[in-house]
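# Report on the structure
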Amino acid sequence: MNTKPCLFIRGIKKENLEEFQSIKKFGYPIVVLAKDLQLSPDLEELMAVLGDDHIHILSNDVDHKDHELREVLNACDQKEWTHICVIEELFPEIIEKIPEAIEKCLSNPEALIVLNTKSDVSSQQVGRIKSALLGGINYNHLMTPFCCYSVQKIKGIKFKKKSPFLFLKILCSLLWRQSKVLEVEVGRAYQIKASQYIERLWLAYYETLLICIANFMENTKPKNAAISCGVGAFIACTPFYGLQTIAIFLTCVLFRLNFPIAFLGSQVSLPPIYSLLLPIEIYIGFKVMGKPFTESDDWLQVAQDHFSLWLVGALIVGSILGLLLGVTWYCVQTLSQKNKESFNDREC
């Protein structure tokens, strides 16, 4: 498949004419909004700079960014463009990196290309807990509107709500669909503007969502996922009610495990299941410690009266159950991945 990218430029200003001169030299089609051109006081000069063979003007009917994107996608279908390179503002530092971003598109047509400054995951500004949950990769620095998208990849994303920061919604959707991310490091960071309270809430929502996606996607290798599931089940079998979720969270932070999967494994402590495990834990605790065991109708009271014996039994049962669930998860995920790879090979 031939890669045919276009540049979607938003926010044209009078002082951008020199930058447009540079962009035109790249030879790629340029998409702009009619309303942006009308707001420009130097429309004739701008059109002369761009040239009719390079510029493609969207209609005035777009009143929101999700509508803008639909218009760009329609233009891509008509012109057979395969990728959209979104340029939110014309910074010289961004413009000089456009050829590198396009080159990455040509060599990796399925990848998401992101132009932004990289931030060090070990930085104190990120924080130990957040950096641990990120699985070694800081996805926060991907929160930028300067991206190159595959048209085919973003066509399946639904844009129903007029939420701000549309590019963050696209980013989250592509990351969740396991799109490969390639970065182009630029010399200027883009500060997301969130002046209103509701916009700050949306920004916090997307940041949290990115952290969750990063944690889940970066720590889903079979071995890591299996250990996470087993650890979650082991901790859930301990008698420290009310502290189990906190203990799972801290363990995942300390050992870089997958918290969502560990939390899923901890569901063995739900009442219907644990009501069966509790008598087994108490029985094993009594037998291991050599204490005489008597049956009871109130197992919880027995556990409270003999907490040390209950703890011994819980550790043994938790270890066995965690091992069984971990091995099961590893086998199922490994088999699933092999089936998926073989299916993809047949499709190719």
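Residues numbered from 1 in each chain as written. Predicted model: local features only at pLDDT ≥ 70, side-chain atom pairs only at ≥ 80, totals over all residues. Heavy atoms only, no water.

The secondary structure content of the chain amounts to 16 helices and seven strands. Relative to all contacts within the chain whose residues are 6 or more apart in sequence, the contacts with residues 24 or more apart total 75%. On the chain, roughly 18700 Å² of surface is accessible, and the fraction owed to carbon and sulfur atoms is 57%. (Helix = DSSP H or I, 4+ residues; strand = E, 2+ residues; numbered from the N terminus. Contact = heavy atoms within 4.5 Å. Areas by Shrake-Rupley, 256 points an atom, 1.4 Å probe, with all protein chains shown as cover.)

Judged by nonpolar contacts, the single largest core of 34 residues is most densely connected at Ile84, Tyr149, Ile154, Leu168 and Ile170. Ranked by the residues each element gives to this core, the list is headed by helix α9 (residues 166-176), at eight residues. Residues Ile23, Ile30, Cys85 and Phe146 belong to the second largest nonpolar core, which totals 26 residues. (Core = buried A, V, L, I, M, F, W, Y, C linked by side-chain atoms within 4.5 Å. Buried < 20%, exposed > 50% of the residue type's maximum accessible area, 1.4 Å probe, protein only.)

A word on the environment of arginine 10. Along the polypeptide, arginine 10 turns up in the loop between β1 (5-9) and α1 (17-24). A residue is classified by how much of its surface remains accessible, and arginine 10, at 14% relative accessible area, is buried. Taking the C-alpha atoms as reference points, arginine 10 and leucine 90, 80 residues apart in sequence, are found 8.5 Å from one another.

Among the eleven residues that make up α9, nine are buried, leaving the element largely enclosed by the rest of the structure. Buried within α9 are the following residues: Leu166, Phe167, Leu168, Ile170, Leu171, Cys172, Ser173, Leu174 and Leu175. The positive-phi residue at the C-terminal boundary of α9 is glutamine 178, with phi of around 65 degrees.

What follows covers a nonpolar patch on the surface. A cluster of nonpolar side chains, contributed by Phe240, Leu243, Ile246, Leu250 and Phe307, occupies part of the molecular surface with about 470 Å² of accessible area. Since its relative accessible area comes to 49%, leucine 250 is described here as partly exposed. (Patch = residues over 30% accessible without salt bridge, like charges linked within 9 Å, V, L, I, M, F, W, Y side chains within 5 Å. Salt bridge = Lys/Arg side-chain N within 4 Å of Asp/Glu carboxyl O.)

Attention now moves to the packing of aromatic side chains. Taken as a whole and assessed by the stated rule, the structure comprises nine aromatic pairs. Relative to tyrosine 205, the ring of tryptophan 202 lies with its centre 5.7 Å away and its plane at 85 degrees, an arrangement referred to as edge-to-face. Highlighted residues: tryptophan 202 and tyrosine 205, both in helix α10 (residues 197-218), separated by three residues, approximately one helical turn. Judged by relative accessible area, tryptophan 202 falls into the partly exposed class, the value being 27%. Put simply, the rings of Phe240, Tyr241, Phe307 and Trp310 touch in pairs and so form one group of aromatic residues. (Phe/Tyr/Trp six-rings, centres within 6.5 Å; stacked < 30°, edge-to-face > 60°.)

Here strand β2 (residues 30-33) shows a buried face lined by Ile30 and Val32 and a second buried face lined by Val31 and Leu33. Two strands pair when backbone bridges link them, and β1 and β2 are joined in this way by two bridges, in the parallel orientation. Each residue of the ladder has a partner; that of phenylalanine 8, found in β2, is valine 31. (Pairing = 2+ DSSP bridges.)

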